[in-house]
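Chains, contacts and geometry: an overview
The primary structure of each chain is shown beneath.
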Amino acid sequence: MLEVSDLQSFYGSAHVIQGASLTVREKEAVALLGRNGMGKTTLIRSIMGLAPPDVRGGSVKWKGEEILGLPSYQIARRGIAIVPQGRRLFQSLTVTEHLTTLKPESVKTGWTVAKAFEFFPRLAERRQHRGGQLSGGERQMLAVARALMIDPELILMDEPSEGLAPVMVQNLEDIILELKRSGLGILLVEQNLYSALAVADRVYVLETGRVVYDALASEVEAEPDRLTKFLGVH
Amino acid sequence: MGALNAFQILNGLTFAGLLFIVASGFTLIFGLLRIVNLAHGALYLFGGYVGYTVASLTGNFVAGILGAMVVIAIIGFVLDQGLLRFVRGYELRQVLLTLGVAFILNDMALVIWGGDTFTVPVPEFLRGAVNLGGIFYPKYRLFVLALGIAVFILLWLLLNRTRLGALIRAGVDDAETVAAMGINIRLIFMITFMLGAALAGLGGTVGGAFLTLYPSADSEILVFSLAVVIIGGRGSLVGAAIGALMVGMLNSVGQVMFPELAYFVIFGPMALILAFRPLGLFGRAA
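Residues numbered from 1 in each chain as written. Chains lettered and ligands numbered in written order. Predicted model: local features only at pLDDT ≥ 70, side-chain atom pairs only at ≥ 80, totals over all residues. Heavy atoms only, no water.

Brief notes about the interface of chain B and chain A
Many analyses report the size of an interface as the accessible area lost when the parts associate. Each side of the interface is counted separately: chain B has 18 residues, and chain A has 24 residues. Taken together, the connections running from chain B to chain A amount to four salt bridges. Asp174(B) is paired through a salt bridge with Arg88(A); the nearest N and O atoms lie 2.6 Å apart. Inspection of the chain B/chain A interface yields 13 residue pairs in polar contact (both at pLDDT 80 or more). Per-element accounting of the side of chain B that touches chain A gives the leading share, 12 residues, to helix H6 (residues 163–180) of chain B. The residue inventory of the side of chain B that touches chain A, partitioned by class, reads eight nonpolar, four polar and six charged. (Contact = heavy atoms within 4.5 Å. Salt bridge = Lys/Arg side-chain N within 4 Å of Asp/Glu carboxyl O. Polar contact = N/O pair within 3.5 Å; in protein donor to acceptor, adjacent residues only side chain to side chain. Helix = DSSP H or I, 4+ residues; strand = E, 2+ residues; numbered from the N terminus. Nonpolar A, V, L, I, M, F, W, Y, C, P; charged D, E, K, R; others polar.)

Things to note about the environment of Leu110(B)
All names here are of chain B. Within the fold, Leu110 resides in helix H4 (residues 91–113). In this structure, the C-alpha to C-alpha distance between Leu110 and Ala180, residues 70 residues apart in sequence, is 44 Å. Among residues more than four places away in sequence, those in contact with Leu110 are Gly115 and Pro215.

Quick look at the environment of Lys103(A)
In this structure, Lys103(A) sits in the loop between helix H3 (95–100) and helix H4 (113–119). Lys103(A) sits 10 residues away from Val113(A) along the chain, and the two C-alpha atoms are 8.1 Å apart. What Lys103(A) contacts, discounting residues up to four positions off in sequence, is Thr109(A), Gly110(A), Trp111(A), Met149(A), Asp151(A) and Arg163(B). Side-chain polar atoms of Lys103(A) contact the side chain of Asp151(A), separated by 2.5 Å.

Details of the packing of aromatic side chains
According to the stated counting rule, one finds 15 aromatic pairs over all chains in the structure shown. With centroids separated by 4.5 Å and ring planes inclined at 40°, the aromatic side chains of Tyr52(B) and Phe118(B) adopt a geometry described as tilted. You can see Tyr52(B) sitting in helix H2 (residues 40–58) and its partner Phe118(B) sitting in the loop between H4 and strand E1 (129–132), a full 66 residues away along the chain. The exposure class of Phe118(B) is buried, given its relative accessible area of 14%. Between the aromatic rings of Tyr140(B) and Phe210(B), the centroid separation amounts to 6.0 Å while the plane-to-plane angle is 55°, which identifies the pairing as tilted. With Tyr140(B) in helix H5 (residues 139–161) and Phe210(B) in the loop between helix H7 (185–207) and helix H8 (217–232), this pair connects stretches of sequence that are 70 residues apart. Neither Tyr140(B) nor Phe210(B) differs from the other in exposure class; each is buried. Among the aromatic residues, those joined into a ring-pair cluster are Phe46(B), Tyr49(B), Tyr52(B), Trp113(B) and Phe118(B). Sitting over the face of the ring of Phe10(A), Arg56(A) holds its NZ or CZ atom 4.0 Å from the ring centroid. Taking the ring centre of Phe90(A) as reference, the NZ or CZ of Arg146(A) above it sits at 4.8 Å. (Phe/Tyr/Trp six-rings, centres within 6.5 Å; stacked < 30°, edge-to-face > 60°. Buried < 20%, exposed > 50% of the residue type's maximum accessible area, 1.4 Å probe, protein only. Lys NZ or Arg CZ within 6 Å of the ring centre and 35° of its normal.)

Overview of the pattern of salt bridges
Considering all chains together, one arrives at 18 salt bridges over all chains under this definition. A salt bridge links Arg45(A) to Glu176(B), with the nearest nitrogen and oxygen atoms 2.7 Å apart. With Arg45(A) in helix H1 (residues 40–48) and Glu176(B) in helix H6, the pair connects residues from two separate chains. Look at Glu176(B) and you get partly exposed, because its relative accessible area is 23%. Between Arg122(A) and Glu138(A) there is a salt bridge, with its nearest N and O atoms 2.9 Å apart. Pair noted here: Arg122(A) is in helix H5 (residues 121–125) and Glu138(A) is in helix H6 (residues 136–148), with a separation of 16 residues, a long-range link. Judged by relative accessible area, Glu138(A) falls into the buried class, the value being 4%. Look at the salt bridges and you will find they share partners, linking Arg45(A), Arg88(A), Asp174(B) and Glu176(B) into a network.

Topic: the layout of surface pockets
A volume near 990 Å³ is recorded for the largest pocket. Listing elements by their share of the lining of the largest pocket, those giving two or more residues are H1, strand E4 (54–62) and helix H2 (72–77) of chain A together with helix H1 (6–33), H4, H6 and H7 of chain B. For the lining of the largest pocket, the class distribution of residues is 19 nonpolar, seven polar and nine charged. Taken as a whole, the second largest pocket encloses approximately 650 Å³ of empty space. Residue lining of the second largest pocket: 25 residues in total, with Ser92(A), Arg169(B), Asp173(B), Gly235(B) and Arg284(B) positioned closest to the centre. Those elements that provide at least two residues to the lining of the second largest pocket are H5, H6 and helix H9 (237–257) of chain B. Here the lining of the second largest pocket takes five residues from H6(B), the largest share from any one element. Residues belonging to the lining of the second largest pocket are distributed by class as follows: 11 nonpolar, six polar and eight charged. (1 Å grid on protein atoms, 1.4 Å probe; cavity = no way out; pocket = protein on both sides within 12 Å on 5 of 7 lines; lining within 4 Å. Points joined across faces, edges and corners; volume = space filled by probe spheres on them.)

Focus: the side chain of Ser195(A)
Residues and elements named next belong to chain A. Along the polypeptide, Ser195 turns up in helix H8 (residues 193–199). Judged by relative accessible area, Ser195 falls into the buried class, the value being 5%. In contact with Ser195, other than residues within four places in its own chain, are Val169, Glu173 and Glu190.

Structural notes on the packing of H1(B) against H8(B)
Residues and elements named next belong to chain B. Taken N-terminus to C-terminus, the directions of H1 and H8 make an angle of 70°; their axes are 9 Å apart at the nearest point. In terms of orientation, H1 lies roughly perpendicular with respect to H8. Contacts from Phe15, Leu18, Leu19, Val22, Ala23, Phe26, Thr27 and Phe30 in H1 reach Ile221, Leu222, Phe224, Ser225, Leu226, Val228 and Val229 in H8. When the residues that make up the contact of H1 with H8 are grouped by side-chain class, the tally is 13 nonpolar, two polar and no charged. (Axes fitted to C-alpha atoms, helices over the stretch in contact; angles between N-to-C directions. Parallel < 35°, antiparallel > 145°, perpendicular 65-115°, else oblique.)

Examining the nonpolar core
Counting 152 residues, the largest nonpolar core has Leu2(A), Leu43(A) and Leu187(A) as its most contacted members. Sorting elements by how many residues they give to this core places H1(B) first, with 13 residues. Look past the residues within four positions of Leu43(A) in its chain and what remains in contact with it is Val4(A), Leu7(A), Ile17(A), Ala20(A), Leu22(A), Leu32(A) and Leu206(A). Core analysis: the next-biggest nonpolar cluster, separate from the first, contains 15 residues, Leu33(A), Leu193(A), Leu197(A) and Tyr213(A) among them. (Core = buried A, V, L, I, M, F, W, Y, C linked by side-chain atoms within 4.5 Å.)

Right under this line is the structure:
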């Protein structure tokens, strides 16, 4: 469904993504692992058409169509949503407004405000609060709910567990699994291997802008040492 | 040097009404597009001339206002889509470009209307004075204050009660993320730029009826608008309203009590506010 091949992305003169390739199939959850500074966020931003980085080579195909070079709103409209690093909520919008600006309440198809509140009851209780008044877990739920409002087929999640309390990380894993069961493709950027393995079917490891490891989650679980050496965890 | 009397307080308030109309457009553009549009004063003056011409030809003040708003919105469209789109993301180039456009608009105005001073003709019912408990005060200036309040209410409703308004607010917070959610933020930018320009046109016509129109009126209003937006905080409607009130009142105080220090009375407090709140009273970090 998503096919990234030989991607070359730069921040100024820094060659951050050096020929990375990966695929996400329909309804598949794929984890992208790697230490800090290895280019995970740059790769996600490149797929989403956000600048910087400056993509100078390679290809990003979505259902066979080249989407590299399209403005990010066009990419989103083709069915790719993003939960950006750091949530990036809108400080001056209420919880409800985060959802209704992307899909008016009159639209009754796919993800609706009512459905989102059913899926995230906590957000329903906070519907009149503004982005800045929510707890870390609520912020993350809102960032996910916001992404769902565009009825994506693939959702890019950039370190959603970052800064969450352990109990909230568990909760987030459940949410991701439920989204996966509903048929959504997921590309999850994670630093935490175990959090990634809890939800992913396949795992990629990015190191200095290249994919250096690629395996099924079940293979990793059988032989974790082969992977952990890349991540510097023991 | 003398104390402020009711007349001068009303002068401050009514001037604040005009300042708000002009500065609200300025702060919308500054907040969302991150452009310090130095052509805003020129759009005000050009709008005033257009409003004068249309109002004189038709004999209709409202036609003058609408004509100015439409023409200035179109100029805003050309400025945004024809010029600014090529320097997006480069703040210095944007500022220099708008400064260049300000010079061009002013010279064009000089060619078309010459260097004479014009006053936009106002309808009969807004002429003369009303008796406010013993003070005879010009009706027209009270109309400007009322219009400023009406513009505030309408903009507040637009920003807080419509989907477009929510998208504009979201864009002020984080334009990139709005785009990543499938919204054509460029279109929102363009609409906002045209709206901000139209407000400059409205301000020019309304202001041109009591401050008069003359070459260099643009830079005077621009400097006041900058002060309003800097005090209020980028992109904040409430900030622009409070800023306009402060600048309007300080301007009255300055003219009455310290005529030789009139600008200092406005920009001294502004500098003081910035020292403690660098983003203005209602400003937020990007």
